Amino acid sequence: MTETPGITGHWDIDPSHSRLGFSTRHAMVSRVRGAFNDVSGFADIAEDLADSKAEVIIQTASVDTRSEGRDEHLRSADFFDVETYPEIRFVSSAIDEVDEGSYIVTGELTIRDMTKTVSVPLELIGVDTDPFGNLRAGLEGSRRIDRRDWGVTWNTKLDSGGVLVSDKITLEFELSLIKNLYEAAPADSSETIDADATPTKTPEPTAEASSAPEAPESVTPTPAADETAPPAPKAPESAASVAPNAEPAGTEFPPPPPVKPAETHADKPTEKAPETK
């Protein structure tokens, strides 16, 4: 087997590319195969396999043997009783490497609320990256069990002395797992924190800060002018009020006469006009 990348980390089962199936003899002469279409689970593989764990959950109502009548019978109380026991669950208790790429996964298999310890041999087919950037691992294996150990005992005798459905069931595992790169998240978050830290450092360019106030200072004259403007309108108002007072004062005092000569020039023709009249 070729050398493969490390398999440590958190892996999720890819249901669309995995198969958890079974097969058994029918009428003692043929083999019927089926599978469960709704499967989920994960595997946490540690550097020390003793610290690793795995879990698989199967929805019993998703059983599929390519025969609707047979599937309905399997969903009934004679077999899985899906209304009472909607799930089959496997929880690992130990994962051992017996050879390079060969593992034995031991755990508790629960069917119809009855739990038994089983060991499943699995072969690592390989680890590779798909076109979408997902790191995938492929595992295959099988294990034979007796369905009567989990209370699935329904059967019908044949005239030949045999039974319609064999008690021995072969479980078939074809698994595709995707590695969850959760370790990248903290790295990204740290980078974002650094990015957040840099903006806090951006206030350090005091030149920009100083230039910013300089602009407002250049603008401040306008508010200052605005502030002086209010008194300015008041001044013309007071000037207007003083102007009428100045006019009588101007008639009495010599300073206004220099302004009046222009007015007198304008007044003189107007005065001469009535004379001609």
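Reading the values: rules and limits
Residues numbered from 1 in each chain as written. Predicted model: local features only at pLDDT ≥ 70, side-chain atom pairs only at ≥ 80, totals over all residues. Heavy atoms only, no water. Helix = DSSP H or I, 4+ residues; strand = E, 2+ residues; numbered from the N terminus. Buried < 20%, exposed > 50% of the residue type's maximum accessible area, 1.4 Å probe, protein only. Contact = heavy atoms within 4.5 Å. Areas by Shrake-Rupley, 256 points an atom, 1.4 Å probe, with all protein chains shown as cover. Polar contact = N/O pair within 3.5 Å; in protein donor to acceptor, adjacent residues only side chain to side chain. Phe/Tyr/Trp six-rings, centres within 6.5 Å; stacked < 30°, edge-to-face > 60°. Salt bridge = Lys/Arg side-chain N within 4 Å of Asp/Glu carboxyl O. pLDDT = per-residue confidence, 0-100. Core = buried A, V, L, I, M, F, W, Y, C linked by side-chain atoms within 4.5 Å.

J.: I keep staring at the overall build of the protein chain and nothing clicks. Help me out?
T.: Across its full length, the protein chain holds six helices and eleven strands. Expressed as a percentage of the 277 residues in the protein chain, the buried residues total 29%. Partitioning the contacts of the protein chain with sequence separation of at least 6, the portion at a separation of at least 24 is 55%. In the structure as shown, the protein chain presents an accessible area of about 17,500 Å², 56% of it carried by carbon and sulfur atoms.

J.: Got a minute to help me understand the environment of glutamate 55 in this structure?
T.: Among the secondary structure elements, glutamate 55 is positioned in strand β5 (residues 53-59). Expressed as a C-alpha distance, the spacing of glutamate 55 and phenylalanine 90, which sit 35 residues apart in the sequence, is 5.6 Å. Contact partners of glutamate 55, with chain neighbours within four places excluded, come to Ser40, Gly41, Phe42, Arg89, Phe90 and Val91. Within the structure, glutamate 55 has its side chain in polar contact with the side chain of arginine 89 (distance 2.5 Å).

J.: Please explain the packing of aromatic side chains as it appears in this structure.
T.: Each pair of aromatic rings is reported with the distance of its centres and the angle of its planes. In total, this model carries three aromatic pairs according to the counting rule given. Each ring, one from phenylalanine 22 and one from phenylalanine 36, has its centre 5.6 Å from the other, and the planes form 50°; the classification is tilted. With phenylalanine 22 in strand β2 (residues 19-26) and phenylalanine 36 in strand β3 (residues 30-36), the pair connects residues that are 14 residues apart, well separated along the chain. Look at phenylalanine 22 and you get buried, because its relative accessible area is 11%. Assessed through its relative accessible area of 9%, phenylalanine 36 is described here as buried. Ring centres 5.4 Å apart and planes at 55° place the aromatic pair phenylalanine 79 and tryptophan 154 in the tilted group.

J.: Honestly, the pattern of salt bridges in this entry has me stumped. Any pointers?
T.: Oppositely charged side chains can form a pair if their charged atoms are brought close together. Scanning the entire structure with this criterion turns up 13 salt bridges. One network of salt bridges, with partners in common, ties together Asp146, Arg147, Arg148, Asp167 and Lys168.

J.: What is the right way to look at the confidence of the model for the protein chain in this model?
T.: Regions with low pLDDT carry predicted coordinates that are not meant to be interpreted in detail. Taken as a whole, the protein chain shows an average pLDDT of 77; of its residues, 64% reach a score of 70 or greater. Overall, residues 183-254 carries pLDDT values under 50, and its contacts beyond four positions in sequence, including any with other chains, amount to nine contacts. Counting contacts from residues 259-277, a segment whose pLDDT is below 50, to residues more than four positions away or on other chains yields three contacts.

J.: Please explain the nonpolar core as it appears in this structure.
T.: Across soluble globular proteins, nonpolar side chains show a tendency to be buried alongside one another. Formed by 40 residues in total, the largest nonpolar core has its most connected members in Phe36 and Leu109. Not counting residues up to four positions away in its chain, the partners in contact with phenylalanine 36 are Leu20, Phe22, Ile58, Gln59, Thr60, Ser62, Val63, Phe80 and Ile88.

J.: In this structure, what is going on with the side chain of serine 23? I would like to understand it.
T.: Inspection of the secondary structure puts serine 23 in strand β2. The class for serine 23 is buried, based on a relative accessible area of 2%. There is a polar contact of 3.2 Å between the side chain of serine 23 and the side chain of glutamate 172.

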